[in-house]
Amino acid sequence: MKVTAAVTHKKGEISIETVELAQPRASEALVRVIAAGVCHTDAAGMNQVIPVTLPAIFGHEGVGVVEEVGAGVESLKPGDRVIMSYPSCGVCPHCVEGHPYACEHLNRLFFDGSFKDGSKRFSQNGTPISSFFGQGSFATHVVVDARNAVKVDVRSDDDLIKLCSLGCGVQTGAGAVLNRAAPKPYSSLVVFGCGGVGMAAIMAAKIAGCSKIIGVDVVASRLEMALEIGATHVVNGKETDAVEEIKKITDGGANYSIESSGIPALTLQALKCLRREGLCVLNSVTGDAEIPIPLEPLLMNPSVTLAGVTEGASNPQIFIPKLVQYFNEGRLPVDKLIKIYDFKDIKQAFEDSHTGVTVKPILKF
Ligand SMILES: NC(=O)c1ccc[n+]([C@@H]2O[C@H](COP(=O)([O-])OP(=O)(O)OC[C@H]3O[C@@H](n4cnc5c(N)ncnc54)[C@H](O)[C@@H]3O)[C@@H](O)[C@H]2O)c1
Ligand SMILES: [Zn+2]
Ligand SMILES: [Zn+2]
């Protein structure tokens, strides 16, 4: 079928075009996309900070309605409302263990844009086009693996639109806290970078019962919002020495830090602000950037852990419905982060995400 999509042929470019979408194969579903969030990782892929195979259709926070399913799909049926998430193979040891975020085929499935059988679903004049994260949801319709679409119980399409970022950004931030850090009640937790990922981490820290929740950013409006959604303290990293300030607030250092700024060097700050036995969870996608870490004074002697995590160590089929429940109870106010843009204004949405005007742009089809 013919669908309208935002296609990236060359690094940094995007144009709305007509492309061909193949039928769903076995274990796959055809989804009519209602809306898709813009995540920083889309920009990283588009700008080739991560080597995504081009041409590609980006977008990996799509929500929509299932229109058709391929052979053998039992978890979905036409008419189901779904939040789409990240792909995984389902058969490697990590997937079998219920840890799809550590899937052995993750790089190919996320960034090469091909499906489990190695083929692609989008094409244009016979040239295959990658589906970013096995999704490519900057398109009016997508084909996804059924593992990659979570059926959710929401009241309306309007509510579904608010939940786009549960598929990646919110799952990543909330999961870094609830799944990986699993903070003890009344502990202290710092979030570096109050974007879509960081804000979700702050909301999750409140859910987990942290007593001191510190948001660090360089954009004043983001710090104000961080306070609104659960931070007890904020620090402007442009105006103050963040590490010193955090040590003051926490009386010597925080128990947990979550790095979600996308700035490689901030990992050092996220380690230095910890107290003994602290845990730093690294979310940022930073390509092949390297930073020097003095091992003895930063990791060994204070017995600190640095943990890299993909997609908040979450199993989407289990974690996303829980996040929907938190949203329905008013405990995960992700609707406060969003601004809705018409799909044709996709470039503006990226621009507003980049400049900090909008935390979570949502493209509506
Ligand atoms: N690990 C994963 O699975 C995963 C999933 C989603 C996103 N990510 C990554 O997480 C990061 C955050 O994503 P996002 O969508 O929230 O991005 P974003 O651009 O919305 O947020 C980044 C925030 O960091 C702030 N920031 C910039 N410089 C700073 C500084 N020096 N000190 C403090 N804050 C600073 C920005 O103002 C912004 O608010 C990106 O690197 C993204 O690629 C990783
Ligand atoms: Zn796997
Ligand atoms: Zn993402």
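Provided above is the structure to which this section pertains.
Source: prediction; values computed, not measured.

(A) Here's a closer look at the overall build of the protein chain. Counting its regular elements, the protein chain contains twelve helices and 18 strands. Here the C-alpha coordinates of the protein chain stretch approximately 60 × 40 × 40 Å along the principal axes. Within the protein chain, buried positions represent 56% of all 365 residues. Across the protein chain, every contact between residues at least 6 apart in sequence was considered, and the portion connecting residues at least 24 apart equals 68%.

(B) Quick peek at the coordination of the zinc ion (ligand 3). At the metal site, the zinc ion (ligand 3) is ligated by Cys39 (SG), His60 (NE2) and Cys168 (SG), and these contacts range over 2.0 to 2.3 Å. The sequence motif formed by the donor residues of the zinc ion (ligand 3) is C-x20-H-x107-C. Placement of Cys39 in the loop between strand 3 (28-37) and helix 1 (40-46) and of His60 in the loop between strand 4 (56-57) and strand 5 (62-69) is noted, with a sequence separation of 21 residues between them. Here Cys39 matches His60 in class, with each residue buried.

(C) Examining the pairing of strand 3 more closely. The element strand 3 is extensively covered by neighbouring structure, given that nine of its ten residues are classed as buried. In the sheet, strand 3 pairs with strand 9 (residues 141-145) via five bridges, with the strands oriented antiparallel. The partner of Leu30 across the bridge, within strand 9, is Val143. As defined by bridge partners, strand 3 adjoins strand 5 across seven bridges and the pair is classed as antiparallel. Bridging from a neighbouring strand, Arg32 pairs with Val65 of strand 5. Summarising the sheet, strand 3 and strand 18 (residues 360-364) pair through three bridges and their orientation is antiparallel.

(D) Summary view of helix 5 (residues 169-181). The end-to-end C-alpha distance of helix 5, which contains 13 residues, comes to 17 Å, matching closely the 18 Å that a straight helix rising 1.5 Å per residue would cover. A maximum bend of about 45° is found in helix 5 at Gly175. For helix 5, the buried fraction is high: ten of the 13 residues fall into the buried class. Listing the buried residues of helix 5 in full gives Gly169, Val170, Gln171, Thr172, Gly173, Ala174, Gly175, Ala176, Val177 and Ala181. Lining the buried residues of helix 5 we find strand 11 (188-192), helix 6 (196-207), strand 14 (254-259), strand 15 (274-282) and helix 11 (316-328). Count one or two residues on from helix 5 and you reach Ala182, which has phi positive near 40°.

Each value, and the rule that gives it
Residues numbered from 1 in each chain as written. Chains lettered and ligands numbered in written order. Predicted model: local features only at pLDDT ≥ 70, side-chain atom pairs only at ≥ 80, totals over all residues. Heavy atoms only, no water. Helix = DSSP H or I, 4+ residues; strand = E, 2+ residues; numbered from the N terminus. Buried < 20%, exposed > 50% of the residue type's maximum accessible area, 1.4 Å probe, protein only. Contact = heavy atoms within 4.5 Å. Donors = N, O, S within 2.8 Å, 3.2 Å for Na, K, Ca; no water. Pairing = 2+ DSSP bridges. Expected span 1.5 Å × (residues − 1). Bend = angle between axes of the 7 residues up to and from the residue.

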